[in-house]
Protein chains: 2
Amino acid sequence: MLEKLDMTARLSKGKYSKTMDTLGQKLGEMQRKARDAKRPVIIVFEGWRGARRGTIINTMMQQMDARGFKVHSVIKISDEERKMPFFTYFWQNLPAKGNIAVYHRSWYYLKNESDIHFMAEKGKWLETSFEHINNFEKELTDDNYILIKFFLHVSEKSQQENLTQNYRTLGKAWREISPAYDESSNYKMFLDRYEKMLEATDTVNAPWHLIAADDLYNAQVEVFSSIVDVIDKALQEKPTAEVPIRSVTAYDVLSRVDLTKGISKADYKEKLIKYQERLRLLQIEMFQAGYTTIIGFEGWDAGGKGGAIRRLTAALDPLGFAVNPVASPNVVEREFHYLWRFWINLPKRGTIAIFDRTWYGRVMVERLEGFATAAEWQRAYDEIKDMEAQWSESGISIAKFWLHIDKDEQYKRFKERENNPVKNWKITDEDWRNREKWDAYEGAVNEMLVRTDTSYAPWTVVEANNKYYARLKVLKTVINMFEKKLDKKTDKKTDKKTDKKIDKK
Amino acid sequence: MLEKLDMTARLSKGKYSKTMDTLGQKLGEMQRKARDAKRPVIIVFEGWRGARRGTIINTMMQQMDARGFKVHSVIKISDEERKMPFFTYFWQNLPAKGNIAVYHRSWYYLKNESDIHFMAEKGKWLETSFEHINNFEKELTDDNYILIKFFLHVSEKSQQENLTQNYRTLGKAWREISPAYDESSNYKMFLDRYEKMLEATDTVNAPWHLIAADDLYNAQVEVFSSIVDVIDKALQEKPTAEVPIRSVTAYDVLSRVDLTKGISKADYKEKLIKYQERLRLLQIEMFQAGYTTIIGFEGWDAGGKGGAIRRLTAALDPLGFAVNPVASPNVVEREFHYLWRFWINLPKRGTIAIFDRTWYGRVMVERLEGFATAAEWQRAYDEIKDMEAQWSESGISIAKFWLHIDKDEQYKRFKERENNPVKNWKITDEDWRNREKWDAYEGAVNEMLVRTDTSYAPWTVVEANNKYYARLKVLKTVINMFEKKLDKKTDKKTDKKTDKKIDKK
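Residues numbered from 1 in each chain as written. Chains lettered and ligands numbered in written order. Predicted model: local features only at pLDDT ≥ 70, side-chain atom pairs only at ≥ 80, totals over all residues. Heavy atoms only, no water.

### Here's the deal with the overall build of chain A
The condition that has to hold: Counting from the N terminus, the helices are the DSSP runs of H or I reaching at least four residues and the strands are the DSSP runs of E reaching at least two. Think of it in three bands: residues with accessible area under 20% of the maximum for their type are buried, residues over 50% are exposed, and the middle band is partly exposed, with areas taken using a 1.4 Å probe on protein chains only. The contact criterion used is simple: two residues touch if any of their non-hydrogen atoms lie within 4.5 Å. Accessibility throughout is a Shrake-Rupley quantity obtained with a 1.4 Å probe, and a residue counts as covered only by protein chains that appear here. Counting rule for charge: Lys and Arg are taken as positive, Asp and Glu as negative, and neither His nor the chain ends is counted. For charged residues, the charge sits on one atom: NZ in Lys, CZ in Arg, CG in Asp, CD in Glu.
When helices and strands are tallied, chain A shows 18 helices and 10 strands. In terms of overall dimensions, chain A has a C-alpha envelope of 85 × 50 × 40 Å along the principal axes. The buried share of chain A, reckoned over its 505 residues, is 54%. Sequence separation of 24 or more characterises 83% of the internal contacts of chain A that already satisfy a separation of 6 or more. Roughly 22500 Å² of accessible area belongs to chain A as shown, and the carbon and sulfur atoms make up 50% of that amount. Mean positive and mean negative side-chain charge positions of chain A (84 and 75 charges, respectively) differ by 4 Å.

Structure, rendered in structure tokens:
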């Protein structure tokens, strides 16, 4: 793609100054308009070293209102951050609605550097694929983010000149460049890498703007005009027509669940202690190995999520886990992409993040209550799978539980709560209202359980009419996951006995 | 203090279970009440290794609603975080109004560890003083935070037993303990340290709750009862009587400012380029040396803050600075202490954070418009100085500018803005309203400039009727600060010429 660029473009200083006066004002105007329209904007600056990205970004900053405008630099990402799922940094720094984020090098640079690094020191930094990049960008543009990607192209000759000039003025560079990343002595090799990158990621929703940057004036004007143009067009877009709900095969998982499974209180107590002891030791081993875990809980209201989570965490050291309750998004969360609030709560290395309700709200309550459009919840299956895949690729273990009870059991539990003065704050009119939509929810849950059940993030449906049975099954599933991850032989003796007892009931 | 504790206290399992049933419920109730009253709660668990803090915290977690409840562990603080101003981590993790934060070891542990560490590896981690600790806690309790501090005390014998037991069950500890921090083989030395710490920080507003923890049941009941008791009492407190405004000496700084100072456009242009070039090189040196900077801008409306900031940042590489505009606190910011939003925007190592308006809003607009009570703004001078002192002690350089113009000049600029179609969005009715209170503001500004002018964070009053002069003075002040920090000989020749020209006008 780069070879087709006209690198001879030049602009006189006079023409440049005149054009920039107008463009600068328009840029400020676009910022205000995007803010009023509550559209978030992400501008990516990629390209060669020595293409004077910094100068262009700085000129741009001079025109912008600093409120709601932020420049991010990937170069400052620490080694610790490099071990997190690849897009963590970018999710955590997503601009809120109406704000502008500028990336002074972005996920592209990070991928490039990681790829090169990977050859030398296998596994030290995390890689990603062009597929994940395209998915990430699609998720943003689908959610009304205005995404503008620039690649600043310079010829080998100009690059040499600019870099020499830099060294002469500055004495030395901002940071040492290791030979492996030295574009200037490997121009052809990097040209090839960049070509492949541009090819693979030049998409309809997030096309590249290739900029001939041998002439700084020309580059600056092209960049500014493109930004003004793209934002202007984006703000004039008509809302797209409603996406129809595609025909859905009626999946059926829940009706086949054997809700008669149960276990006696005495057996439960005995096993609970055993499981919790085992879990306690496994948590420490997982921590010391640096293995991170995410456990998500979904289930019917009064399905016993809280109780199961408490039995799980009772076995754990508070140093190494956090429980994240998920309710309807709050004022701040509503300013971001719906997956943002999960990315910002990723567990630290070696620890366990427990989510009481999860990102699956999108395909259940948001779908059924109309908080998400048909287009939004229908594409959510893919978005969620891509997120979980990325987590998994970074080494995180994932367990997802659906705590299943039947309608009669739920009625019994609601009534119990209402009549118990210590617990009646837990039951609200909303719970009763949701209950009326049981069948619709059942359909949505069935679809979710089938479509998002993957090898890297499988669903465990828990037979939960009997609370004892349910809690033990949750504990056992987590124990098995940890042991598998630690590549341990399962303690066969205890297991067989227990499993038999659990399965028999 | 610890010697006076009755370490023989024991509780039978039966009595313990019975008491805990009631206490657990009360604890949950207190959480809901604090949430309804929008009172944030911070619970600190300090004490000996082997005092079973983890078990107690975990038992507590079982009783609490995970929404708005979070456990933090200082042990996970990274070496990078250790280089930030000491309280950064704690400010950044402050609970919002109505939430509860539990600290599994806190600033006390961090100080202790840093002190010990400091003896071995001078300067690698940041220290703090008991004075800063007391100030920090006072700021919280003054702002209606409920702060509960526990020290779990165990005898040497119990400690040995508990630690041996831990190692037997767990095989190894969560993390390696270096000999310097090994309490169990230096019990007497640590006892002495802890005594001094408790003495120095047992204050009226944040007293220690010393817990005899040889018996776990006893400790658990004491901890739970104390929490219930403290929160209950705090929620019943009557609002204190209005604090009177203490008599203020009329300070006078502004009237002595020579607003006739100026410089011609031609001279300005020549100097601007020179200064910007020098600044560009200094920024890189500051970055490479890892020296961090905070620059705050205050001044009259239309005083030229924006223009001065733009001339400053035009010289800088966007990699190494961020501009933080400060307006009235937003929905999220209002949920926290008023200084919180500045702590969460501290610059990364080696970079520059520019604040367009600052934390001084408390003693200007908030004071005069009644957004802060007399008690609040009067204590703010000390709070702010303590914050700046801490920043400075961590190695951050601080510059604060007041851009001063007179009333006529402001009128002229307001009118210019109104008549300029590109700029008229910048002027609002509020600007005109503020102008009417000029005299009141002048009094507040005079007091602020005197009382918060310190060796580590001095105010520079900028004569700003002439924009050119003002911008150059800002640049020059920053250049001087950088050169001093880098211990450079100032470039005398350029300086003298320029200073003379600037001063002459």
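### Quick notes on the sheet that holds strand E9 (residues 397–404) of chain A
Residue and element names in this part refer to chain A. Here is the rule we go by: The pairing criterion for strands is at least two bridges between them, as found by DSSP. Lines are fitted to the C-alpha atoms to define the axes, a helix being fitted only along its stretch in contact, and any angle between axes, read from their N-to-C directions, falls within 0 to 180 degrees.
Taken together, the 5 strands give an open sheet; going across it, the order is E7-E8-E6-E9-E10, and neighbouring strands pair in parallel fashion. A strand with exactly one partner marks an edge of an open sheet, and here the two such strands are strand E7 (321–325) and strand E10 (459–463). Taking the axes of each pair of neighbouring strands and ignoring which way they run, one obtains an average angle of 20° across the sheet.

### Regarding the sheet that holds strand E3 (residues 100–104) of chain B
All names here are of chain B. Within the open sheet, the 5 strands sit side by side as E2-E3-E1-E4-E5. Their pairing is parallel. Two strands lie at the open edges of the sheet, namely strand E2 (69–73) and strand E5 (208–212), each paired on one side alone. On average, each strand axis in the sheet is inclined to that of its neighbour by 20°, with strand direction left out of account. Helix H8 (residues 216–236) contacts strand E1 (41–47), strand E4 (146–153) and E5 of the sheet and is inclined by roughly 165° relative to E4.

### A look at the layout of surface pockets
Residues and elements named next belong to chain A. The test is simple: The way it works is a 1 Å grid over only the protein atoms, where trapped points that fit a 1.4 Å probe form a cavity and open points with protein on both sides within 12 Å along at least five of seven lines form a pocket, and then any residue with an atom within 4 Å of a point lines it. Grid points are joined across faces, edges and corners, and a volume is the space filled by probe spheres set on the points.
Here the second largest pocket is characterised by a volume of approximately 400 Å³. Forming the boundary of the second largest pocket are 19 residues, of which Ser397, Ile398, Pro458, Met481 and Lys484 lie nearest the centre. Taken together, the elements giving at least two residues each to the lining of the second largest pocket come down to E9 and helix H17 (467–485). Looking at the lining of the second largest pocket element by element, the count peaks at 6 residues for H17.

### Observations concerning the relation of the copies chain A and chain B
The criterion, for reference: C-alpha atoms of residues with pLDDT of at least 70 in both copies form the basis for the least-squares superposition of the copies.
Mapping chain A onto chain B calls for a screw motion: a turn of 180° about the axis and a shift of 0.0 Å along it, with 0.0 Å RMSD after fitting. Put plainly, the chains are arranged around a two-fold axis. Among all residues of chain A, the minimum C-alpha distance to the rotation axis is found for A:Val332, at 3.6 Å. A share of 98% of interface residues in chain A that are also interface residues in chain B marks the association as one of identical surfaces.

### Looking at the nonpolar core
This is how it is decided: Here, nonpolar core means buried Ala, Val, Leu, Ile, Met, Phe, Trp, Tyr and Cys residues that are tied together by side-chain atoms lying within 4.5 Å of each other.
Among the nonpolar cores identified, the biggest contains 294 residues, and A:Trp107 and B:Trp107 are the most heavily contacted of them. Excluding its chain neighbours within four sequence positions, the residues that come into contact with A:Trp107 are A:Ile42, A:Val44, A:Phe86, A:Phe87, A:Phe90, A:Ile133, A:Phe136, A:Glu137 and A:Leu147.

### Here's the deal with the packing of helix H1 (residues 13–36) of chain B against helix H2 (residues 53–63) of chain B
Residues and elements named next belong to chain B. Counted only if it meets this: Each angle receives one of four descriptions, namely roughly parallel if under 35 degrees, roughly antiparallel if over 145, roughly perpendicular if within 65 to 115, and oblique otherwise. Here is the rule for handedness: rotate from the far helix to the near one, and if that takes an anticlockwise turn smaller than a right angle the crossing is left-handed, while a clockwise turn gives right-handed. Here the term charged refers only to Asp, Glu, Lys and Arg, the term nonpolar to Ala, Val, Leu, Ile, Met, Phe, Trp, Tyr, Cys and Pro, and the term polar to all other amino acids, Gly among them.
Axis separation between H1 and H2 bottoms out at 9 Å; the angle between their running directions is 60°. Taken together, the axes of H1 and H2 lie oblique to each other. The handedness of the crossing between H1 and H2 comes out as right-handed. Between H1 and H2, the contacting residues are Tyr16, Met20, Gly24, Gln25, Leu27 and Gly28 on the first element and Thr59, Met60 and Gln63 on the second. Considered class by class, the residues forming the contact of H1 with H2 number 4 nonpolar, 5 polar and no charged.

### Points about the packing of aromatic side chains
Within a pair of aromatic rings, the relevant descriptors are the distance that separates the centres and the angle that separates the planes. Heads up, the condition is: For this analysis, a ring pair means two rings from Phe, Tyr or Trp (six-membered ring only for Trp) whose centres lie within 6.5 Å, classed as stacked if their planes differ by under 30 degrees, edge-to-face if by over 60, and tilted for the remaining angles. Working rule: Lys NZ or Arg CZ, within 6 Å of ring centre, within 35 degrees of ring normal, means a charge sits over the ring.
This model, assessed by the stated rule, comprises 70 aromatic pairs over all chains. With a centroid separation of 6.2 Å and an interplanar angle of 40°, the aromatic rings of B:Trp359 and B:Tyr360 are classed as tilted. By the burial criterion, B:Trp359 is buried, and B:Tyr360 matches it. Against the face of A:Tyr338 rests A:Arg362, its NZ or CZ located 3.8 Å from the ring centre.

### Describing the environment of B:Tyr108
Residue and element names in this part refer to chain B. Examined against the element boundaries, Tyr108 turns out to sit in helix H4 (residues 107–120). Taking relative accessible area as the criterion, Tyr108 reaches 1% and is therefore assigned buried. Linking Tyr108 and Arg367, residues 259 residues apart in sequence, is a C-alpha distance of 34 Å.

### Thoughts on the interface of chain A and chain B
For clarity, the threshold we go by: As used here, buried area is the combined drop in accessible area, with a 1.4 Å probe, of two parts when they are placed together. Whenever two N or O atoms come within 3.5 Å, that pair is a polar contact, provided that in protein one can donate a hydrogen and the other can accept it, and provided that, for residues adjacent in sequence, both atoms are side-chain atoms.
Contacts between the two partners involve 43 residues from chain A, matched on the other side by 43 residues from chain B. Together chain A and chain B conceal approximately 4400 Å² of surface at their shared face, both sides included; 65% is due to carbon and sulfur atoms. Viewed at the interface, chain B and chain A are joined by 6 residue pairs in polar contact (both at pLDDT 80 or more). Only helix H1 (13–36), helix H2 (53–63), strand E2 (69–73), helix H6 (156–170), helix H9 (265–289), helix H10 (305–313) and E7 of chain A provide two or more residues apiece to the side of chain A that touches chain B. By residue number, the principal contributor to the side of chain A that touches chain B is H9(A), which donates 6 residues.

### Description of a positive patch on the surface
We apply this condition: To count toward a patch, a residue needs a relative accessible area over 30% and no salt bridge; like charges are then connected within 9 Å, while nonpolar side chains (Val, Leu, Ile, Met, Phe, Trp, Tyr) are connected within 5 Å. For this analysis, a salt bridge means a side-chain nitrogen from Lys or Arg found within 4 Å of a carboxyl oxygen belonging to Asp or Glu.
There is a patch of like positive charges on the surface, built from A:Arg310, A:Lys423, A:Lys426 and A:Lys467. Assignment of secondary structure puts A:Lys426 in the loop between helix H14 (407–419) and helix H15 (429–436).

### What about the confidence of the model for chain A?
Just so we agree on the cut-off: Values of pLDDT, ranging from 0 to 100, describe the predictor's confidence in every residue of the model.
With 93% of its residues at a pLDDT of at least 70, chain A reaches an overall mean of 89. Scored below 50 in pLDDT, residues 501–505 of chain A makes 14 contacts in the model with residues more than four places away or belonging to other chains.

### With respect to helix H8 (residues 216–236) of chain A
All names here are of chain A. Formally: Each helix should span, by expectation, one fewer than its residue count multiplied by 1.5 Å.
With 21 residues, H8 extends 30 Å from end C-alpha to end C-alpha; this agrees with the ideal 30 Å at 1.5 Å per step. Three or more residues of H8 are buried, namely Leu216, Asn218, Ala219, Gln220, Val221, Val223, Phe224, Ser226, Ile227, Val228, Ile231 and Ala234. Residues of H8 that are buried sit in contact with H1, strand E1 (41–47), H2, strand E4 (146–153) and strand E5 (208–212).

### Here we look at the side chain of A:Thr454
By secondary structure assignment, the location of A:Thr454 is in the loop between helix H16 (438–451) and E10. A distance of 3.0 Å separates a polar side-chain atom of A:Thr454 from the backbone nitrogen of A:Ala457.

### Examining the environment of A:Glu285
Residue and element names in this part refer to chain A. Counting through the fold element by element, Glu285 comes out in helix H9. In this structure, the C-alpha to C-alpha distance between Glu285 and Leu486, residues 201 residues apart in sequence, is 7.9 Å. Other than its neighbours up to four places away in sequence, Glu285 contacts Leu486 and Lys488.

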